[in-house]
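# Topology and contacts: notes
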Amino acid sequence: MPVRAPEPSSGDIHDLEPQQFLEEVHSFEFWFQAVEGYLSGLTWGHRPDTPDEPLVPADRERLISVLCNYCVGETAALEGSSGLIAIAPNRLSKIFLSTQVADEGRHLEVFVRRLRDLGVADPEAEIERRASRSLLLFKRRLLELVASKDWEAAIFAQNVILESLEFVVFTSHAEDADPVTAEVLKAVIKDERRHIGFGENELGRRLADSPHSRARIAQIRKELDHLVLDTLEETSGNIGLDRSEHDRLGRVYLESVERLGLLR
Amino acid sequence: MADFLSAYSIQRWLESCPQGYLVNTEYGHETGEEEPELLYSNEVIHEDAIRTTVQLVVGERCALAASSGLINAAPDEASKRFLATQTLDEARHVEVFTQRLYDLGVRKDELTDVINRYANPNLVKFAEILLEKVDKKDFIAGVVGQNIVLEGLAFSVFEMMHAMNADMNAKFAHTLSGTIADERRHVGFGENRIGSLIKTHPEKKSEVERMQKDMSYFMLATFADGFRNNETAAELDRIGEGRAHADFHGKDLGVMSPEEMEGLLADTVLKEFKVRLERVGIEYQTPSRP
């Protein structure tokens, strides 16, 4: 005779068994509850009544360059995470990645919208014109890893390296940005935190059991680090960070990658 | 094109879907709703509920693979962003129908076996035709196959199932109504986006028409397997349980035989295909009947 499924668990998710924990945090339901909290009431990533202070021309120009490169990064993340769904090893990872796809699409949309607010008439053309060469190279390499169906390498490039880079840059930028850009960035950062968590968890479990994979991923890291650090340098300049802050961001990025035990 | 795509932005999706018709839902239905007792207590009806739900999971997995795969083939950024929302919609559908299998008593460690056991081979072939186009990054064929053929099929099937369950199983009917709202948006995007692309790529028409004919055949074969081997109606009669007198396109589903229901559903879906395909400039191809 058929039996009923057990009642869903309640309480703190960190008390759950490892598999059940993954079932929870990789689900649409979890994403749904999370974004409901911080996207509710926002339009194009910010509160509609947040004052959009006029920027002096030089600051506006720099912000446009920064946002164009954020769009390149988010397009890479959108195309990367959507491609990863096809090669994800299980249903839970596919569902998590679909939430990430929608997040990345949203980020791209809010940054493009911000460019329009700043008076950019054709954002797609402007993005192409101002895109950083090292970021474009990174994007190309990421999509090659996805196309080659190399799950570990692609998830490393996407959810550890790219997301860590975005996390440190956005966090730093949000501290000094104009009020609208700061709000847009703060909501994006909350998503990035979830994406990094998935990457570290997924990869951490795999690397712990496989010295061969660790060596292979370390090699990929070596290849990508200089592209990331070049991008970081360029973006830091556009955001207007001083040298010590730029160096600090570089260290934060390297530390976040090294949490996986991938030393340079 | 830009104006029509602005109606498919992520902002609009957030407002209408997660912050709209999905508010206060849990796995697509209201908190606390349960499947009717008969689905647990009667072996024949229970197995049929699992078999039917497995087909929904298989269809939605195909839609998830197709919509995510089409993002990288999309020719413009706004289409990529719409497909990002569709990807998440499809993953949600996979999740809510998978959860229904769990609610029906399928254990997590037997999910794969249950899906392999009950998945209809004709539905799998239907999915393979579409995914082959997606693998080749063929955006036009992929969007027609996904957003007009597959979504059009899902839309009518879900509507029929919703009609049958509205009075008998509020939990499942609520789950279906959220997915129907999503499918309506997906079909709308497909029609709007493909019309302009077909005009600029008329050489694609014959290939797309062939794909529609092939997919339609396997869809009809899936219906034939599903209805002709269905024992639920006979079982309900045997145990003296009445069927819901639900209206679907002017017919009372409560008095129709499974074969008549198969014919009604097939005609409904094929008529919809014809109308939608003609709207985008593609000539509907009549499939052979299994």
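Residues numbered from 1 in each chain as written. Chains lettered and ligands numbered in written order. Predicted model: local features only at pLDDT ≥ 70, side-chain atom pairs only at ≥ 80, totals over all residues. Heavy atoms only, no water.

## Brief notes about the side chain of B:Lys204
Residues and elements named next belong to chain B. Looking at where Lys204 falls in the secondary structure, it is placed in the loop between α9 (170-200) and α10 (205-228). In this structure the side chain of Lys204 is engaged in a polar contact, spanning 3.0 Å, whose partner is the side chain of Glu207. In contact with Lys204, not counting residues within four places along its chain, are Asp138 and Ile140. (Helix = DSSP H or I, 4+ residues; strand = E, 2+ residues; numbered from the N terminus. Polar contact = N/O pair within 3.5 Å; in protein donor to acceptor, adjacent residues only side chain to side chain. Contact = heavy atoms within 4.5 Å.)

## Structural notes on the packing of α10(B) against helix α12 (residues 258-279) of chain B
Residue and element names in this part refer to chain B. Contact geometry of α10 with α12 gives a least axis separation of 9 Å together with a crossing angle of 160°. Between α10 and α12, the crossing angle belongs to the class labelled roughly antiparallel. α12 is crossed by α10, and the crossing has right-handed handedness. Here Gln212, Ser216, Met219, Leu220, Phe223, Ala224, Phe227 and Arg228 of α10 come into contact with α12, specifically with Pro258, Glu259, Met261, Glu262, Leu265, Ala266, Val269, Leu270, Phe273 and Leu277. A class-by-class count of the residues in the contact of α10 with α12 yields 13 nonpolar, two polar and three charged. (Axes fitted to C-alpha atoms, helices over the stretch in contact; angles between N-to-C directions. Parallel < 35°, antiparallel > 145°, perpendicular 65-115°, else oblique. Left-handed = near helix turned anticlockwise from the far one by under 90°. Nonpolar A, V, L, I, M, F, W, Y, C, P; charged D, E, K, R; others polar.)

## A few points about the packing of aromatic side chains
Applying the stated criterion to the full structure yields eleven aromatic pairs over all chains. Seen from their ring centres, A:Tyr70 and A:Phe170 are 4.6 Å apart, and the 70° between their planes marks the pair as edge-to-face. Of the two residues, A:Tyr70 is situated in helix α3 (residues 57-87) and A:Phe170 in helix α7 (residues 151-176); the sequence distance between them amounts to 100 residues. With respect to burial, A:Tyr70 and A:Phe170 carry one shared label: buried. Ring plane angle 75° and centroid distance 5.2 Å describe the contact between B:Tyr217 and B:Phe218, whose orientation is recorded as edge-to-face. (Phe/Tyr/Trp six-rings, centres within 6.5 Å; stacked < 30°, edge-to-face > 60°. Buried < 20%, exposed > 50% of the residue type's maximum accessible area, 1.4 Å probe, protein only.)

## Section: the confidence of the model for chain A
Residue and element names in this part refer to chain A. Put simply, chain A has an average pLDDT of 87, and 93% of its residues get 70 or more. Per-element confidence in chain A ranges from a low mean pLDDT of 74 for helix α1 (residues 18-25) to a high of 96 for α3. Segment residues 1-10 is flagged for pLDDT under 50; beyond a separation of four residues in sequence, or across chains, it makes 18 contacts in the model. (pLDDT = per-residue confidence, 0-100.)

## Considerations on helix α10 (residues 243-258) of chain A
All names here are of chain A. Under the 1.5 Å per step criterion, the end-to-end length of α10 is 23 Å for 16 residues, consistent within 8% with the ideal 22 Å. Those residues of α10 lying buried are Glu245, His246, Leu249, Gly250, Tyr253, Leu254, Ser256 and Val257. If you follow the buried residues of α10, they end up packed against α7, α8 (179-208) and α9 (211-239). (Expected span 1.5 Å × (residues − 1).)

## Some remarks on unusual backbone geometry
Residue and element names in this part refer to chain B. Within the chain, Asn24 stands out as a residue other than glycine whose phi angle is a positive 65°. Note on placement: Asn24 falls in the loop between α2 (10-21) and β1 (25-26). One non-glycine residue with positive phi stands out, namely Tyr27, at about 50°. Position of Tyr27 relative to the elements: it lies in the loop between β1 and β2 (29-30).

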